[in-house]
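Chain residues, written in single-letter form:
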Amino acid sequence: MSTVELIGADPGWLIAVKGVLIFVICVVATLLSIWAERRIVARMQVRVGPNRVGKFGLLQSLADGVKLALKEDLIPKAADRIVFVIAPIISATTCFMAFAVIPMTGKVHLFGHTTAMQLTDLPVGVLYVLAIASVGVYGIVLAGWSSGSTYPLLGGLRSSAQVISYEVAMGLSLVAVFIYSGSMSTSAIIDAQDKWWFGVVLFPSFIIYVISMVGETNRAPFDLAEAEGELVGGFHTEYSSLKFALFFLAEYVNMVSVSALATTLFLGGYHALPGLGFTEAWLGGWFTLVWFFAKVILFFFLFVWLRGTLPRLRYDQFMQFGWKVLIPVSLLWIMIVSTLRVLSQQGASRFVIVAFTFGVLLLIFSATSLFERNKEKTKKENAESLKAFPAPSFPVPSLTGSINNGTEEIHG
Amino acid sequence: MHNIFALSAQLQIGNTATPEAVQFWILAPLAVLAALGMLLVKKAVHSALLLAWVMVTLAIFYIAQGALFLGIVQVVVYTGAVMMLFLFILMLVGVDSSDSLVENIKGQRPAAITAAIGIAGLLLSLIGRATLNHPATGVESINANGNVQGLANELFTKYVWAFEVVSALLITAALGAMVLAHSQKVKSRTSQRDLSIARFRGDSLATAAGLPGSGIYALHNAVDVPALGPDGLPAQASVSRVLEARGDMISSTPFELNKIEEEEK
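Definitions and cut-offs
Residues numbered from 1 in each chain as written. Chains lettered and ligands numbered in written order. Predicted model: local features only at pLDDT ≥ 70, side-chain atom pairs only at ≥ 80, totals over all residues. Heavy atoms only, no water. pLDDT = per-residue confidence, 0-100. Helix = DSSP H or I, 4+ residues; strand = E, 2+ residues; numbered from the N terminus. Contact = heavy atoms within 4.5 Å. Core = buried A, V, L, I, M, F, W, Y, C linked by side-chain atoms within 4.5 Å. Buried < 20%, exposed > 50% of the residue type's maximum accessible area, 1.4 Å probe, protein only. Buried area = accessible area lost by both parts, 1.4 Å probe. Salt bridge = Lys/Arg side-chain N within 4 Å of Asp/Glu carboxyl O. Axes fitted to C-alpha atoms, helices over the stretch in contact; angles between N-to-C directions. Parallel < 35°, antiparallel > 145°, perpendicular 65-115°, else oblique. Left-handed = near helix turned anticlockwise from the far one by under 90°. Pairing = 2+ DSSP bridges. Polar contact = N/O pair within 3.5 Å; in protein donor to acceptor, adjacent residues only side chain to side chain. Phe/Tyr/Trp six-rings, centres within 6.5 Å; stacked < 30°, edge-to-face > 60°. Lys NZ or Arg CZ within 6 Å of the ring centre and 35° of its normal. Patch = residues over 30% accessible without salt bridge, like charges linked within 9 Å, V, L, I, M, F, W, Y side chains within 5 Å. Areas by Shrake-Rupley, 256 points an atom, 1.4 Å probe, with all protein chains shown as cover.

## Remarks on the confidence of the model for chain A
Residue and element names in this part refer to chain A. On average, residues of chain A score 84 in pLDDT, and 95% of them reach the 70 mark or higher. When pLDDT is averaged over each helix and strand of chain A, the minimum, 74, is found for helix H10 (residues 228-231) and the maximum, 91, for helix H12 (residues 288-309). Within the model, pLDDT remains below 50 along residues 402-412, and this stretch shows 11 contacts once partners closer than five positions in the same chain are excluded.

## Side note on the nonpolar core
Tyr-128, Tyr-209, Met-213 and Leu-265 of chain A are the most contacted members of the largest nonpolar core, which totals 84 residues. Counting residues per element, this core draws most heavily on helix H11 (residues 241-266) of chain A, which supplies 12 residues. Beyond its immediate chain neighbours, meaning those up to four positions away, Tyr-209 of chain A contacts Met-170, Ser-173, Leu-174, Val-258, Leu-261, Ala-262 and Phe-266 of chain A. In terms of nonpolar packing, the next biggest core, distinct from the first, is built from 30 residues, Ala-79, Ala-87 and Ala-143 of chain A together with Phe-88 of chain B among them.

## What to know about the interface of chain A and chain B
Taken residue by residue, the interface counts 40 residues in chain A and 34 residues in chain B. Between chain A and chain B, a total of about 3,300 Å² is buried, with carbon and sulfur atoms accounting for 76% of that surface. For chain A, the biggest contributors to the area lost against chain B are Tyr-138, Trp-145 and Leu-157 of chain A; these three give 20% of the whole. Counting the contacts that link chain A with chain B gives two salt bridges. Across the pair Asp-80 of chain A and Lys-43 of chain B runs a salt bridge, and its minimum N-O distance is 3.1 Å.

## A look at the side chain of Ser-257 of chain A
Residue and element names in this part refer to chain A. Tracing the backbone through its elements, the reader meets Ser-257 in helix H11. On the basis of relative accessible area, Ser-257 is assigned to the buried category, the value being 6%. Once residues within four sequence positions are removed from consideration, Ser-257 is found in contact with Cys-95, Ala-98 and Phe-99.

## Structural notes on the environment of Thr-357 of chain A
Residue and element names in this part refer to chain A. Structurally, Thr-357 can be placed in helix H14 (residues 350-386). Classification of Thr-357 by relative accessible area gives partly exposed; the value is 33%. For the pair Thr-357 and Leu-340, spaced 17 residues apart in the sequence, the C-alpha separation amounts to 8.2 Å.

## A short note on the packing of helix H4 (residues 81-97) of chain A against helix H5 (residues 125-146) of chain A
Residue and element names in this part refer to chain A. Orientation of H4 relative to H5, taken along the N-to-C sense of each, is 160 degrees, at an axis distance of 8 Å. With respect to H5, the element H4 is oriented roughly antiparallel. The element H4 and its partner H5 pack so that their crossing is left-handed. Of the residues in H5, those in contact with Val-83, Phe-84, Ala-87, Ile-90, Ser-91, Thr-94 and Met-97 of H4 are Tyr-128, Ile-132, Val-135, Gly-136, Tyr-138, Gly-139, Ile-140, Leu-142, Ala-143, Trp-145 and Ser-146.

## As for the pairing of strand E2 (residues 113-116) of chain A
Residue and element names in this part refer to chain A. Across four bridges, strand E1 (residues 107-110) lies against E2 in antiparallel orientation. For Leu-110, the partnering residue across the bridge sits in E2 and is His-113. With antiparallel pairing between neighbouring strands as the criterion, E1 and E2 make up a hairpin whose turn holds two residues, including Phe-111 at a positive phi of roughly 50 degrees.

## Looking at the environment of Ser-238 of chain B
All names here are of chain B. Mapped onto the elements of the fold, Ser-238 is located in the loop between strand E2 (234-235) and helix H10 (241-246). For the pair Ser-238 and Ala-31, spaced 207 residues apart in sequence, the C-alpha separation works out to 57 Å. If near-sequence neighbours (up to four positions away) are discounted, Ser-238 is found in contact with Pro-212, Gly-213, Ser-214, Pro-226 and Ala-227. At 2.8 Å, the side chain of Ser-238 and the backbone nitrogen of Ala-227 are in polar contact.

## Considerations on the packing of aromatic side chains
Residues and elements named next belong to chain A. Inspection of the entire model under this criterion finds 20 aromatic pairs over all chains. Centroid distance Tyr-209 to Phe-266: 5.7 Å. Interplanar angle 45 degrees. Geometry classified as tilted. Here the residue Tyr-209 occupies a position in helix H9 (residues 203-216), and Phe-266 occupies one in helix H11, the gap between them amounting to 57 residues. For Tyr-209, a relative accessible area of 0% translates into the label buried. For Phe-266, a relative accessible area of 0% gives the class buried. An angle of 80 degrees between the planes, with centres 6.4 Å apart, marks the rings of Phe-287 and Trp-291 as edge-to-face. Accessibility expressed as a relative area gives 18% for Phe-287, which makes it buried. The ring centre of Phe-56 lies 5.6 Å from the NZ or CZ of Lys-55, which sits over that ring. The residue whose ring lies beneath Arg-341 is Tyr-180, and the NZ or CZ to ring-centre distance is 4.9 Å.

## As for a nonpolar patch on the surface
Residues Val-20, Phe-23, Val-24, Val-28, Leu-32, Phe-56, Leu-58, Leu-59 and Leu-62 of chain A make up a contiguous nonpolar surface patch of roughly 790 Å² in combined accessible area. Examined against the element boundaries, Phe-23 of chain A turns out to sit in helix H2 (residues 12-44).

Put into structure tokens, the structure is as follows:
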């Protein structure tokens, strides 16, 4: 029985139970991931991190949440009141909706019913996630506009431009997956990965998706929409109390759901690591949940690692990277993938396929070597152009033995 | 998903299935209200939002009628991309700016009226065919091999020519927009590299590490107090030129360090 039929047979109350479970999982994941992020970043920066509230500081985010909720709720005078209230609600509701099509386990028994931990299985499930994500951006853009001040507006503008450009790259990275699995349904894509994960077969798509997923969730190094150093927090500068908490929640749930989508599309979803397939039958199938969350946590750790390592990109560099690198590369990659796919479907001989792959590799190598040569040439030219200027002299500390030499060359 | 297919199988002209009827009578009035509101509200952003809401309700109707792919794509393309660009421009232009009512392209009005009549005719003929019991192919027969597969089959076999023509039109429009928006640069943009060279290979190294911050070495660190240089003189470059022009700059002499030293003695 396929997942569609399994889920289709669910009674109404079971669907409701699953909906509540998804909500609970997302909220608990948020609480834990905020704690984990703070601890991991602290470790990377040789600090301790929150360790006072509860064992290992585990309850820190809960305490912070309560504090946030009890704070005074301010609405600026210049704000557009209705939109100001709607914006965080849009953000927080859409981020949960994306989780509805993510398969978290295979076939399991829940309250006497055979089902799968997936709320619904749309034939266009992945497109549905993209649609929900694009509605979610409204939250950020409207928050920026309705606050009625400069920094939030700039944050909102940056975010809309960012999401429009990175959603293109993200959509293109998914095309290769659709071509290989022959479906846009999340469960069918997982079934298509029973031999090889798409993260291996379609490695370039995987890389492009991972980059654009960081851009999509407004996380470092792509957090231009809320750049603290430049925009005082960007789109949520004017928000306080529960409304701010909703944005906070939305950011982390979004991280979890894009990680879950990456797991589903590229890392075989709830399936075990290759060679450990026997574990999938443990606990009546529920053990697959462990595999699913292990992979999601892997992506989450990547998010935190990036935040701890990379500085924020400059805006023009960021846009250039999106439009001039990511999109052309993914277009080229889609051409290659679809040619290979058609070749193998039309029963071309192995020799043709190998020759085609070899030709593509040769082209890529020649292009990159040309590019490298060009780079060296410009480097030389730059060095030549520098000679036109006199070399500056800097104040240097005096060396031992020649005491009076040091201060002579001070300029300016 | 199954529910939707079951629903669309029950669905026949004249007897709409109950859940769909309930959904229609809740969402349709809301959509009409939003559409009217879009025309009547004052702020451009509000009307853009109401339009986005109309598009989302349309998408829900499509999905309820079995056109799943169309519904989702409606949200991705119209709500996600087109309306977002609209909002982007509205925000860039500013809230208070009013529309210019001067027509600078001639013949736009008759063209718009012709197009409106054409679309009205199309809609009327379609609704007429549906309500006058004209034999129509049901959704279930089209969706027999799956909604997406059926759509792809139609698009890439029967309508492939129309598809290509439309895509050529869109590419032309995009190129046109790029040509119109493109402006020839008189001189090349100063890059970060140029600025850096200018800082270090210029006459003086005084500002090589950036301008001095306000208030440094004085006993006051407000933005309107100039910093004191190592020579004890106020550094004018440390205060924003805007403040200087406005006459909002305070002299840093009362905050000089040596004063305190004297007092302590």
